[in-house]
Amino acid sequence: MIIGSLLAPLAVAGISALFAALISVTDSIVNNYGECAIDINEGQRTLNVKGGANMLITLAEQDIFIPSACGGRGSCGECKVKVNSDVGPILPTELPYLDDSQRKENVRLSCQNKVRGDLAIQIPEWLFNCRRCENAVVEKIVDVTHDIKEIYLRLPEGEEIDFVSGQYAQLEVPPYGKVRESTQRAYSMASKPSDRNQLEFLVRLVPDGILTTYVHQRLKEGDTLSLVGPFGEFHVRDSSSTMICVAGGSGMAPFKAIIKERIEKGTMDQRDIWYFFGAVKERDMYYVDWLNQVDEQYSRFHFVPALSDPDPDARWQGEVGLITEVLDRYLKEQIPSSAKKEGYLCGSPGMLDACMAVMRTHNMHNSEIYFDKFS
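Presented here is an overview of the structure given in this document. (Residues numbered from 1 in each chain as written. Predicted model: local features only at pLDDT ≥ 70, side-chain atom pairs only at ≥ 80, totals over all residues. Heavy atoms only, no water.)

### Observations regarding the layout of surface pockets
So, point 1. Roughly 430 Å³ of internal volume is contained in the second largest pocket.
So, point 2. In terms of lining residues, the second largest pocket is bounded by 21 residues, among which V236, E261, R262, K265 and T267 are the most central.
So, point 3. Broken down by class, the residue content of the lining of the second largest pocket amounts to five nonpolar, seven polar and nine charged. (1 Å grid on protein atoms, 1.4 Å probe; cavity = no way out; pocket = protein on both sides within 12 Å on 5 of 7 lines; lining within 4 Å. Points joined across faces, edges and corners; volume = space filled by probe spheres on them. Nonpolar A, V, L, I, M, F, W, Y, C, P; charged D, E, K, R; others polar.)

In structure tokens, the structure reads:
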């Protein structure tokens, strides 16, 4: 009986090991797709790659980086590419992120589709300028509010990122605590483009956020981070239209870059700029002194800070109310209705959707509204 009781678990273990070996062998055979060719933008680039991994990883290994705020976990929907060859039916994990027009054009999530054969894809040309930088040194960390930090990174000697004000990079933090793998998240550059070797970011603490928790609780000056970028098509268009800019929280970052660049280039008074910044309490408001100075110095720049719920004993002198209410009031009473306008928005999806609705009531069309919506 004792021998039988010992043999039974040994037999089960042996069978399990055999099945595991068979699965491993089968997987290596079935998923051995060999060498595959990827045609990008009708011959603009041609890659010869090993099949088996998803498109996002495969392209990154060839130094072509597709934006992915979630780091390839299929939860942000940003890593879209147009596929001109057959990669099979749209997966359930892709459906929430693709609208009808994208489905008809065979736009797919690159993180959800493996390279199983030759492919033909289309991507925006600016993605060819994206690069990965390792070991950027954290030169300075500054608390600008109770939950927002300025992070200053200096790239390694000889490395730089050529970006446009309004674009973002994906910061990467290493495994820590119960987080077992590196994590990437997207953050707009707050520095002006001429500072190609030194980049600035604004990181707001998100409850249970993997990257933001690391930055706020573990990151120290002298540490190093990796980043990938630049990404994004959020930038100021070349026109004379009045700029209606709205932001909240760390949505300040791209506008800080835009304003600093225009000051540096001497273009602040070339067009009217109205910058609305919304927060809840006075402790959530920042850069007010600097922006008020810019307002005083440049006649065509107008800074409009607003608190939705100021403390009763606060000495707040700015606007009070939801930023949508303040925006609507200024569009009615302060900003000439006859002026041609462009909207520039950066912040949470809810705030942006509400602000765009207000803009449309003032005859601003969707084609004239540009935004960077946080996921």
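Moving on, there is more to tell.
### Describing the nonpolar core
Looking at soluble globular proteins, one finds that nonpolar side chains tend to be buried together.
So, point 1. Of all hydrophobic cores here, the largest spans 30 residues; its most connected members are L202, M252, F255, Y275, F277, L291 and F301.
So, point 2. Counting residues per element, the ones that place at least two in this core are β12 (242–248), α5 (252–265), β13 (273–279), α6 (288–297), β14 (301–307) and β16 (341–347).
So, point 3. Residue contributions to this core peak at five residues, all from α5.
So, point 4. Not counting chain neighbours up to four residues away, the residues in contact with M252 comprise L202, A247, Y275, F277, Y286, Y287 and L291.
So, point 5. Membership of the second largest hydrophobic core comes to 26 residues, among which are I40, I121, C130 and V228. (Core = buried A, V, L, I, M, F, W, Y, C linked by side-chain atoms within 4.5 Å. Buried < 20%, exposed > 50% of the residue type's maximum accessible area, 1.4 Å probe, protein only. Helix = DSSP H or I, 4+ residues; strand = E, 2+ residues; numbered from the N terminus. Contact = heavy atoms within 4.5 Å.)

### Focus on empty space enclosed by the protein
A water-sized probe, rolled over the atoms, reveals where empty space remains.
So, point 1. Here the structure, examined in full by the defined rule, presents one cavity of 30 Å³ or more.
So, point 2. Reported here for the largest cavity is a volume of approximately 60 Å³.
So, point 3. In this structure, the largest cavity is lined by M243, C245, F255, I258, I259, R262, M268, I273, Y275 and F301.
So, point 4. Those elements that provide at least two residues to the lining of the largest cavity are β12, α5 and β13.
So, point 5. Ranked by residues supplied to the lining of the largest cavity, first place goes to α5 with four residues.
So, point 6. Across the lining of the largest cavity, the residue classes tally to nine nonpolar, no polar and one charged.

### Let's talk about the environment of E150
So, point 1. You can see E150 is positioned in strand β7 (residues 148–154).
So, point 2. Judged by relative accessible area, which is 6%, E150 ranks as buried.
So, point 3. Between the C-alpha atoms of E150 and E200, which are 50 residues apart in sequence, the distance is 6.8 Å.
So, point 4. The contacts of E150, once residues within four sequence positions are left out, are K140, I141, V142, V144, E200, F201, L202, K256 and Y287.

### Some remarks on the pattern of salt bridges
Once their charged atoms are close, side chains differing in charge can pair, the charge on each being opposite to the other.
So, point 1. Scanning all chains against the criterion turns up 21 salt bridges.
So, point 2. Note that R271 is salt-bridged to E342, the shortest N-O span being 2.9 Å. Taken together, the residues R271 in the loop between α5 and β13 and E342 in strand β16 connect sequence positions 71 residues apart. (Salt bridge = Lys/Arg side-chain N within 4 Å of Asp/Glu carboxyl O.)

### What to know about the environment of D238
So, point 1. Of note, D238 is situated in the loop between β11 (224–231) and β12.
So, point 2. Each C-alpha atom, one on D238 and one on Q293, is 25 Å from the other, the two residues being 55 residues apart in sequence.

### Examining helix α8 (residues 349–361)
So, point 1. Helix length check: α8 (13 residues) gives 19 Å between terminal C-alpha atoms against 18 Å at 1.5 Å per residue, within 8%.
So, point 2. Every buried residue of α8 is accounted for by M351, L352, C355, M356, V358 and M359. The buried residues of α8 all sit within an arc of 160° when viewed along its axis, so they share a single face.
So, point 3. Of the residues flanking the end of α8, it is N363, one or two places downstream, whose phi is positive at about 65°. (Expected span 1.5 Å × (residues − 1). Arc of directions from axis to C-beta.)

### What to know about the sheet that holds β11
So, point 1. In spatial order, the strands read β9-β8-β11-β6-β7-β10; together these six strands make up an open sheet with antiparallel pairing. Two strands lie at the open edges of the sheet, namely β9 (183–188) and β10 (198–204), each paired on one side alone. Within the sheet, the average angular offset between the axes of one strand and its neighbour, ignoring direction, is 40°.
So, point 2. Of the strand pairs in this sheet, strand β8 (residues 168–173) and β9 are connected by six bridges, and their pairing is antiparallel. Looking at β9, one finds that L171 is bridged to R185.
So, point 3. Against the sheet, helix α4 (residues 210–217) touches β7, β8, β9, β10 and β11, its axis set at about 80° to β9. (Pairing = 2+ DSSP bridges. Axes fitted to C-alpha atoms, helices over the stretch in contact; angles between N-to-C directions.)

### Here's the deal with the packing of aromatic side chains
So, point 1. For the structure shown, the criterion picks out 13 aromatic pairs.
So, point 2. Both rings, one in Y176 and one in Y214, keep their centres 5.1 Å apart while their planes meet at 55°; by these two values the pair is tilted. Pair noted here: Y176 is in the loop between β8 and β9 and Y214 is in helix α4, with a separation of 38 residues, a long-range link. Both residues of the pair, Y176 and Y214, count as buried.
So, point 3. Ring centres 5.7 Å apart and planes at 90° place the aromatic pair F277 and Y286 in the edge-to-face group. Each member of the pair, F277 as well as Y286, carries the same accessibility label: buried.
So, point 4. Among the aromatic residues, those joined into a ring-pair cluster are F234, F255, Y275, F277, Y286, Y287, W290, F303, Y344 and Y370. (Phe/Tyr/Trp six-rings, centres within 6.5 Å; stacked < 30°, edge-to-face > 60°.)

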